Amino acid sequence: MSTTTFTLPVQGMTCASCVGHVERALKEVDGVAAARVNLASERATVEFVPNGTGVAALVAAVRDAGYDVPTEKLSLPIGGMTCASCVSHVERALRGVDGVLSAAVNLATERATVEFVPGLATLADLKQAIADVGYRVLEMAEEMETVEDRERAARQREYEALRLRFTVAAVLGFLSLVGTYQAWFPFLRDVPRQTMFVILFLLTTPVQFWAGWRFYRGAWGALKHKTADMNVLIAVGTSAAYFYSVAATFVPRIFPAGLAEVYYDTAAVIIALILLGRLLEARAKGQTSEAIRKLMGLRAKTARVVRDGQEMDIPVEEVRVGDVVIVRPGEKVPVDGRIVEGYSTIDESMVTGESMPVDKAVGDEVIGATINKTGAFKFEAIKVGKDTVLSQIIKLVEEAQGSKAPIQRLADQIAGIFVPVVIGIAVLTFVVWAIFGPTPAFIFALVNFVAVLIIACPCALGLATPTAIMVGTGKGAEHGVLIRSGEALETAHRIEAIILDKTGTLTKGQPAVTDVVTNGQASEWTDESLLRLVASAESRSEHPLGQAIVQEAQERGLALAEPADFASITGHGIRAVVDGRSVLVGNARLMADEGVSLDGLDAQATELSGQGKTPMYTAVDGQAAGIVAVADTLKDNSRLAVEAMHRLGLEVYMLTGDNRRTAEAIAAQVGIDHALAEVLPEDKAAKVKELQAQGKRVAMVGDGINDAPALAQADVGMAMGTGTDVAMESGD
């Protein structure tokens with residue numbers, strides 16, 4: 001039986017036991033085959049039988065467990081409705097969209113009110129569903145916020161709410177602490193003790209029931225499902241201290257002499273400390289989704305399409321398969337497709353990680369979100385929406401983040417056992433004192449019951465771990481290493497294998513001249529005279545390889561001549577006149593087309609290609625003059641870094657899209673043991689999984705967008721500071 005997989009955002013989780021509660025609640029829904037919850041990314045991945053259940057049932061299950069799934073309501077103006085049957089058609093169409101919880105259409109106002117889960121349903125999905133049944137969505141005054149903007153705003157609101165509650169709890173907790181020990185402060189010594197108790201009651205009550213309300217809510221959700229978590233312990237412990245103190249304040253006569261003391265400060269300070277821990281965690285968790293948000297931000301916002309013979313700019317979400325899209329120099333390619341007219345050079349490094357721009361002509365495929373460098377072209381849209389390469393990378397990052405179980409706090413790991421045991425010990429203490437204790441036995445039993453709960457309350461654990469993480473990450477930052485999580489700190493020392501992406505990690509990520517080879521049969525050329533001639537011809541070129549040659553000549557202090565009759569020959573090279581001489585620079589195809597004999601240079605070009613370099617032939621006045629080779633060169637310290645890794649006992653792997661011969665040549669230059677060659681961008685995470693399947697703990701080092709899934713999949717992801725924002729957000 002076929003199943004459907006959805007990823008739901010879940011709010012309100014604070015510990016490993018929360019994860020267990022949500023998973024159990026989802027698995028209890030009829031039709032659910034599997035449910036996995038990730039605390040760090042606050043996502044639940046649910047696999048279910050579509051006919052057996054729906055998104056509404058999943059959302060209800062999460063909410064019933066005491067947590068929340070954020071939803072959005074949208075009012076859509078609809079044109080073309082004329083009767084009640086139109087209303088039912090539109091409602092059915094909207095309810096059939098994955099992620100829609102409810103839809104109500106009002107014929108009089110011609111508007112549809114839709115509640116949906118952001119990320120599962122989009123505005124484009126809703127518009128398409130309405131269009132499919134013969135109606136249309138009228139122009140809206142304000143477009144819906146993007147999913148990532150809403151999620152970011154929701155996380156910010158949650159963080160600010162926590163900060164406000166912590167601030168209030170900390171201030172009132174401090175005041176209650178001062179009041180509890182009034183004998184230490186001369187200005188409070190004259191306040192009657194019973195009056196001070198009432199003041200402490202007024203100070204602590206807002207902390208207990210406003211700042212600490214989330215603990216009661218979490219405890220109720222856990223108890224409803226017959227489990228206990230840290231929220232239960234915090235709620236029971238602080239409530240015991242608070243209500244014991246209330247009794248001592250207003251009915252002190254029920255206590256034996258000397259036992260009518262208050263513990264308001266205990267309740268207030270514990271809540272403040274736990275809230276501080278939650279605040280630090282919320283700040284760290286809020287950064288987990290930044291990788292995906294920045295990936296989504298790479299998409300082009302609009303596309304220029306040709307429809308009915310007219311050019312028009314439309315939102316990229318509205319591009320359909322088969323549309324002809326126009327891209328001009330400097331613009332982003334909106335979606336994936338195939339060129340039908342024109343030619344250009346495209347920078348695909350943001351997706352492929354390879355620094356060398358790629359020449360594109362009719363019939364070649366282009367990738368959405370890559371940048372068009374030089375020419376204008378038209379292409380036919382082949383993959384749009386969730387099918388594009390970038391969308392698949394986003395999906396891979398989400399899956400990798402969801403599959404990597406984070407190492408939880410010690411208190412959270414043992415919460416399922418720790419909390420019931422503590423409560424059991426407290427109850428046992430109460431029973432023993434009630435039966436065998438001195439008179440009044442009940443009061444002594446209650447006092448000791450509260451004492452056990454308060455001592456066991458994990459205020460230290462709630463603060464100790466976030467504090468240790470802050471110190472560790474602070475020390476790393478002092479040395480230029482940004483550590484994004486405690487999990488990375490705990491895991492890094494157990495790493496056994498490390499994978500280095502070639503481009504931008506081992507190499508500089510920029511093309512540079514590596515070799516100048518002159519034709520031995522043409523004695524008039526030296527390396528510098530040939531380089532000067534080629535650089536002069538390339539000075540008018542916008543191609544990055546040509547610019548690399550010009551930069552090399554300038555660094556050598558060569559004076560360039562002004563070229564005449566410059567012409568770019570798409571996909572082959574350039575032609576120009578320099579100092580009155582006809583110069584051709586390009587590939588072997590250009591030389592063959594122009595009837596230039598290579599005089600044995602082709603053997604040297606093959607050797608250079610085998611070393612991962614791009615050879616460019618040069619002909620002057622119809623005669624072969626030499627070769628200029630360009631490559632992405634190794635960083636100066638790459639070999640030293642690999643040697644340091646070997647000294648640590650690590651197995652070092654290099655990952656590249658180059659052919660095996662080239663990959664092994666580069667690996668040999670830096671002393672790397674294993675070269676993983678011909679790896680497509682979408683397969684990098686799979687290579688990490690292969691090593692993990694062998695039982696190895698794997699670190700991944702990369703810098704490109706295409707490295708993001710692998711960085712997220714690895715036990716520890718390390719992103720280069722010079723890399724893309726997305727890679728850095730996916731790293732640890």
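As shown above, the structure is provided for reference.
Since we're looking at a predicted model, the values are computed, not measured.

Participant: What is the right way to look at the overall build of the protein in this model?
Facilitator: The number of helices and strands found in the protein is 27 helices and 27 strands. In the protein, the share of contacts with a sequence separation of at least 24, taken over all contacts with a separation of at least 6, comes to 65%. Total accessible area on the protein stands at roughly 33,700 Å², and carbon and sulfur atoms take up 56% of it.

Participant: Even after reading the chapter, I still don't get the nonpolar core, so can you show me in this structure?
Facilitator: Where a protein is soluble and globular, its nonpolar side chains tend to be buried together. By size, the foremost hydrophobic cluster in this structure holds 48 residues, and its most contacted members are Val207 and Leu275. Looking at this core, the elements that each hand over two or more residues are α5 (147–180), α6 (193–211), α7 (213–224), α8 (230–250), α9 (264–286), α14 (415–436) and α15 (441–456). At eleven residues, the largest contribution of residues to this core is made by α8. For valine 207, the residues in contact, after removing those within four places along its chain, are Ala169, Leu172, Gly212, Ala268 and Ile271. Among the nonpolar cores identified, the runner-up in size contains 28 residues, and Phe6, Leu8, Val29 and Val37 belong to it.

Participant: Honestly, the packing of α6 against α8 in this entry has me stumped. Any pointers?
Facilitator: Describing two packed helices takes the angle between their axes plus the distance from one axis to the other. At their nearest, the axes of α6 and α8 sit 10 Å apart, and the two run at 150 degrees to each other. As judged from the angle between their axes, α6 and α8 are roughly antiparallel. Handedness of the α6/α8 crossing: left-handed. Touching Gln194, Phe197, Val198, Phe201, Thr204, Thr205, Gln208 and Phe209 of α6 are Thr238, Ser239, Tyr242, Phe243, Val246, Ala248, Thr249 and Phe250, all from α8. Here the contact of α6 with α8 is composed, by residue class, of nine nonpolar, seven polar and no charged.

Participant: Is there a simple way to think about the packing of aromatic side chains in this case?
Facilitator: We describe a pair of aromatic rings using the distance from one ring centre to the other and the angle between the two ring planes. For the coordinates displayed, the defined rule picks out 15 aromatic pairs. Seen in terms of ring centroids, tyrosine 242 and phenylalanine 243 are 5.1 Å apart; in terms of plane orientation they differ by 80 degrees. Their pairing is edge-to-face. Overall, the relative accessible area of 3% leaves tyrosine 242 in the buried class. Look at phenylalanine 243 and you get partly exposed, because its relative accessible area is 45%.

Participant: What exactly am I supposed to notice about the side chain of serine 541 here?
Facilitator: Along the polypeptide, serine 541 turns up in the loop between α19 (527–538) and α20 (544–555). With a relative accessible area of 12%, serine 541 lands in the buried category. Ignoring any residue separated from it by four or fewer positions in sequence, one finds serine 541 in contact with Gln547 and Phe566.

Participant: Is there a simple way to think about the packing of α6 against α7 in this case?
Facilitator: Relative orientation of the contacting elements α6 and α7 amounts to 40 degrees, with a least axis distance of 5 Å. As summarised for this structure, α6 and α7 are arranged oblique, according to the angle between their axes. Contact residues: α6 offers Gln208, Phe209, Trp210 and Ala211, while α7 offers Trp213, Arg214 and Tyr216. Its residues assigned to classes, the contact of α6 with α7 shows five nonpolar, one polar and one charged.

Participant: Whenever I open this one, the pairing of strand β19 (residues 564–569) confuses me. Can you help?
Facilitator: Moving residue by residue along a regular strand, the side chains alternate between the two faces of the sheet. Pairing analysis gives four bridges linking β19 to strand β20 (residues 573–578), with the strands arranged antiparallel. The residue of β20 that forms the bridge with alanine 564 is valine 577. Between β19 and β20, which follow one another and run antiparallel, lie three residues, and glycine 571 among them has a positive phi close to 80 degrees.

Participant: Just to check I follow, could you spell out the pairing of strand β21 (residues 581–586) for this structure?
Facilitator: When β20 meets β21, the two strands line up antiparallel, connected through six bridges. From the neighbouring strand, alanine 576 faces β21, where its bridge partner is valine 583. Count of turn residues in the β20/β21 antiparallel hairpin: two residues, of which aspartate 579 carries a positive phi of about 50 degrees. Sheet analysis places β21 next to strand β22 (residues 614–620), joined by four bridges and oriented antiparallel. Along β22, the bridge assignment pairs glycine 586 with tyrosine 617.

Participant: Help me understand the sheet that holds β21 in this model?
Facilitator: Either a parallel or an antiparallel arrangement is found when strands of a sheet pair, and the pairing is made through backbone hydrogen bonds. Overall, antiparallel pairing links the six strands, which are arranged β18-β23-β22-β21-β20-β19 in an open sheet. A single partner strand is all that each edge strand has here, and the edge strands are β18 (507–518) and β19. Neighbour-to-neighbour, the strand axes of this sheet turn through a mean angle of 20 degrees, independent of strand direction. Helix-sheet contacts for α20 involve β18, β22 and β23 (623–634), and the interaxial angle to β18 is about 70 degrees.

Participant: Just to check I follow, could you spell out the environment of valine 517 for this structure?
Facilitator: Topologically, valine 517 is positioned in strand β18. Spatially, the C-alpha atoms of valine 517 and leucine 601 are 8.7 Å apart, while their sequence positions differ by 84 residues. Apart from residues lying up to four places away in sequence, valine 517 is in contact with Leu530, Gln604, Leu608, Ala625, Gly626 and Ile627.

Participant: What is the right way to read the pattern of salt bridges from this model?
Facilitator: Side-chain pairing between opposite charges can occur once the charged atoms of the two side chains come close. Under the definition given, this model contains 21 salt bridges. Across the salt bridge formed by aspartate 515 and lysine 613, the nearest N and O atoms sit 2.8 Å from each other. Of this pair, aspartate 515 sits in strand β18 while lysine 613 sits in the loop between α22 (601–610) and β22, and the two are 98 residues apart along the sequence. In this structure aspartate 515 comes out as partly exposed when scored by relative accessible area, which is 21%. Among the charged side chains, a salt-bridge network with shared partners connects Arg304, Asp313 and Glu331.

Participant: I tried to follow the sheet that holds strand β17 (residues 497–501) on my own but got confused; where do I start?
Facilitator: Spatial strand order, β25-β24-β17-β26-β27: five strands in an open sheet with parallel pairing. The sheet is open, and its two borders are formed by β25 (674–676) and β27 (716–719), each paired with just one other strand. Geometrically, the sheet is characterised by an average inter-axis angle of 20 degrees between neighbouring strands, direction not taken into account. Here β17 runs beside strand β24 (residues 651–655); their pairing, made up of five bridges, is parallel. For isoleucine 499, the partnering residue across the bridge sits in β24 and is tyrosine 653. The strands touched by helix α25 (residues 684–693) are β17, β24, β25 and β26 (698–702); relative to β26, the strand with the most contacts, the crossing angle is about 155 degrees.

Each value, and the rule that gives it
- Residues numbered from 1 in each chain as written.
- Predicted model: local features only at pLDDT ≥ 70, side-chain atom pairs only at ≥ 80, totals over all residues.
- Heavy atoms only, no water.
- Helix = DSSP H or I, 4+ residues; strand = E, 2+ residues; numbered from the N terminus.
- Contact = heavy atoms within 4.5 Å.
- Areas by Shrake-Rupley, 256 points an atom, 1.4 Å probe, with all protein chains shown as cover.
- Core = buried A, V, L, I, M, F, W, Y, C linked by side-chain atoms within 4.5 Å.
- Buried < 20%, exposed > 50% of the residue type's maximum accessible area, 1.4 Å probe, protein only.
- Axes fitted to C-alpha atoms, helices over the stretch in contact; angles between N-to-C directions.
- Parallel < 35°, antiparallel > 145°, perpendicular 65-115°, else oblique.
- Left-handed = near helix turned anticlockwise from the far one by under 90°.
- Nonpolar A, V, L, I, M, F, W, Y, C, P; charged D, E, K, R; others polar.
- Phe/Tyr/Trp six-rings, centres within 6.5 Å; stacked < 30°, edge-to-face > 60°.
- Pairing = 2+ DSSP bridges.
- Salt bridge = Lys/Arg side-chain N within 4 Å of Asp/Glu carboxyl O.

Read these as geometric descriptors, not functional statements.
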